[in-house]
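# Topology and contacts: notes
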Amino acid sequence: MHRRIIVPSALAASLLLAIPASAADFAPGAPGIGDSYYPTSGNGGYDVSHYDLRLTYQPATDLLEGTATIVATTRQNLSRFNLDLGLEVSEVRVNGRVAKFATSGSHELEVTPATPLEKNKPLSIVVRYAGKPSEVKIDGWTAWARTPDGGVAAQEPDSAAWWFPSNDHPLDKATFDVSVAVPDGTQAISNGVLQSQSSRLGWTRFNWRSNKPQATYLATLAVGKFDITTDRTANGLPVLNAYSKDLGDNDGAARASIERTTEVAEWLEGVFGPYPFNALGGYVPNVTSGFALETQTRPFYSPRQFANGANVSVVVHELAHQWYGDSVSVRDWKDIWVNEGFARYSQWLWSEKEGEGTAQELADYVYAIRTAEDPFWTVKPGDPGAENQFHIAVYDRGALALQALRNEIGDEDFFAILKGWPQRFAYGNARVADFVRYAEQVSGKPLAELFDTWLYEPSKPAASTAAAAGPSAPAGRTAAPRAARPKPAQPKSWKKIAATNSAHESERHGGH
């Protein structure tokens, strides 16, 4: 037998290779992802690539039981990390091993793995949890709505914490598999494509898949009794729309609007480029709220959106978000204009297409109806503040900024930008500044002054985006004083567009 003799220096080197980094090299992940408006939203230290949610929900009691499997990658040496969840947790496993956990704040689940986690390594997390989402209040509000026959998770900027653990911020997108068991005779609606459904012992399980990156607030769940319509687009994408069976007088108007989803999406492809996801549709649960939301592939609509009759304009708004907000999402919630300004402008373009008022006529009208003293002009769409994140100025003044851009650079470059932007940042995140740079690259013009005027100055610009300005006029100015022209007439589409002003009204943010 031969014994190998190792000299001290060689022994030290071999031990150095065998022993992992010291405990001092591992640190907890940040309890927030660093958002300007919501410092505790999201978490640091890891990136999620996939959520697998296996749920059971009992409408009669509002009891939700779940097992979430989260596939992620560490981005630092982690001694501990956080998830966002408001329900009660019974067990957490990390990489297959039981982990310690504790709660802090209003929605933080602090997970300590059995052994520290090295940077840039695969990470699997399994969380078992349960609770009644309607009884969970986070910072005094809820994203879960009870209905007569079930419940709905749909809200912005947060909704995930009421029904699954996550890294709850648009910066960390992931793909989703959502499997939900509900009593027979009840349906579970979620994002993407319905892969399968099966019944056993009085329960029906619905299996949904979203195969493109999706922000956590864009994940949705609706349980209830629905009438469901299905179809396929000319390109073969599945279309699924769902309507609560008890929508009452709003039922016909809701269907007359949402059944035009395919038509609207095909038109938007001509404006924004290929539809970015694997399914289309919309759903209308029997909720008392008044807002709508761009939940990915399957927008949520409150029945009250159709209280005054059919309104295709709100469908245009939420479907436009599939490109602007869902595929390209905010890096920080202060960048909300890259969502809402474009969704509102798409309504103006639809009005133009339908012959109910051009985008220019709508811009002139919006500019004219608000005096310089109106607080509307003090809100800065480019950074409105958390309290004004869904203020009407983010929508209307945000759309005015786009009409000003159109007038400045001309239709050819303008529509090239609208189509190119969702391709440049597809399935990712972007800031307002990214859009400004992109517009300058495409147009070859300096545009910082124009965007500063319309997005960041807390006052009414000197003049509107009137057609008289033309592409060669100075940014934000008209060829003739506003006072020299008559007040513009109200475009025919205005009332329908204005009826969608509550589209993102929420309990957290109040009316907008």
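Definitions and limits used
Residues numbered from 1 in each chain as written. Predicted model: local features only at pLDDT ≥ 70, side-chain atom pairs only at ≥ 80, totals over all residues. Heavy atoms only, no water. Phe/Tyr/Trp six-rings, centres within 6.5 Å; stacked < 30°, edge-to-face > 60°. Helix = DSSP H or I, 4+ residues; strand = E, 2+ residues; numbered from the N terminus. Buried < 20%, exposed > 50% of the residue type's maximum accessible area, 1.4 Å probe, protein only. Lys NZ or Arg CZ within 6 Å of the ring centre and 35° of its normal. Contact = heavy atoms within 4.5 Å. Polar contact = N/O pair within 3.5 Å; in protein donor to acceptor, adjacent residues only side chain to side chain. Pairing = 2+ DSSP bridges. Axes fitted to C-alpha atoms, helices over the stretch in contact; angles between N-to-C directions. pLDDT = per-residue confidence, 0-100. Expected span 1.5 Å × (residues − 1).

This next bit is on the packing of aromatic side chains. Applying the stated criterion to the full structure yields 33 aromatic pairs. Between F164 and F176, the ring centres sit 5.7 Å apart and the planes meet at 85°, which makes this aromatic pair edge-to-face. Of this pair, F164 sits in the loop between β11 (150–153) and β12 (174–183) while F176 sits in strand β12, and the two are 12 residues apart along the sequence. The two residues F164 and F176 agree in class, both being buried. Above the ring of W350, the side-chain terminus of K353 is found at 4.2 Å from the ring centroid. Its end group placed over the ring of Y367, K460 keeps NZ or CZ at 4.2 Å from the ring centre.

Moving on: the environment of R93. Checked against the element boundaries, R93 lands in strand β5 (residues 88–94). Its relative accessible area of 31% is what places R93 among the partly exposed residues. In the structure, R93 is positioned 18 residues away from V111 in sequence and 9.1 Å away in space, judged by C-alpha atoms. When residues no more than four places from it in sequence are discounted, the contact partners of R93 are V98, A99, S124, I125 and V126. One polar contact links the side chain of R93 to the main-chain carbonyl oxygen of G96, over a distance of 2.8 Å.

Before going further, it helps to spend a moment on the sheet that holds β5. Strand order in the open sheet made by the 8 strands is β6-β5-β9-β3-β2-β12-β15-β14, with mixed pairing throughout. Either end of the sheet is taken by a strand with one partner, and the two such strands are β6 (97–98) and β14 (193–200). With 12 bridges joining them, strand β2 (residues 46–58) and strand β3 (residues 63–74) adopt antiparallel strand pairing. For Y57, the partnering residue across the bridge sits in β3 and is L64.

Attention now moves to unusual backbone geometry. In this structure, P157 follows E156 across a cis peptide bond, with omega equal to 10°. Positionally, P157 belongs in the loop between β11 and β12. A positive phi angle, near 55°, is found at L201, a position not held by glycine. With respect to the helices and strands, L201 occurs in the loop between β14 and β15 (203–214).

Next up on the list: the sheet that holds β11. Read across the open sheet, the 4 strands follow the order β10-β11-β16-β13; overall the sheet is antiparallel. One side of each edge strand has no neighbouring strand; the edge strands of this open sheet are β10 (144–147) and β13 (187–189). Averaged over neighbouring strand pairs, the angle between their axes works out to 20° when direction is ignored. In the sheet, β10 pairs with β11 via 4 bridges, with the strands oriented antiparallel. Note that in β11 the partner of R146 across the bridge is G151.

Looking now at the confidence of the model for the protein. Detail in the predicted coordinates should be disregarded across regions flagged by low pLDDT. In the predicted model, the protein carries a mean pLDDT of 91, and 89% of its residues have values of at least 70. Per-residue pLDDT stays below 50 along residues 1–19; that stretch engages in 1 contact with residues further than four places along the chain or on separate chains. Contacts from residues 465–484, a stretch scored under 50 in pLDDT, to residues over four places away or in other chains number 44 contacts.

Right, let's talk about helix α9 (residues 432–443) for a bit. Three- or four-residue spacings in an α-helix give side chains the same orientation, since the helix completes a turn every 3.6 residues. Its 12 residues give α9 an end-to-end C-alpha distance of 17 Å, which sits within 8% of 16 Å, the value for a rise of 1.5 Å per residue. Looking at α9, one finds that the buried residues are V432, D434, F435, V436, Y438, A439 and S443. Those residues of α9 hidden inside the fold are in contact with α5 (337–354), α7 (392–409), α8 (411–424), β23 (429–430) and α10 (448–456). Just beyond α9, the residue with positive phi is G444, at close to 70°.

Another point: the environment of F435. Its location among the elements puts F435 in helix α9. For F435, a relative accessible area of 0% corresponds to the buried category. For the pair formed by F435 and W421, sequence separation is 14 residues and the distance between their alpha carbons is 7.6 Å. Apart from residues lying up to four places away in sequence, F435 is in contact with W337, F342, L402, L405, I417, W421 and F451.

To continue, consider the side chain of S443. With respect to the element layout, S443 can be found in helix α9. We classify S443 as buried; its relative accessible area is 15%. There is a polar contact of 2.7 Å between the side chain of S443 and the backbone oxygen of A439. There is a polar contact of 3.2 Å between the side chain of S443 and the backbone nitrogen of K445. Apart from residues no more than four positions distant in its own chain, S443 is found in contact with I409 and D413.

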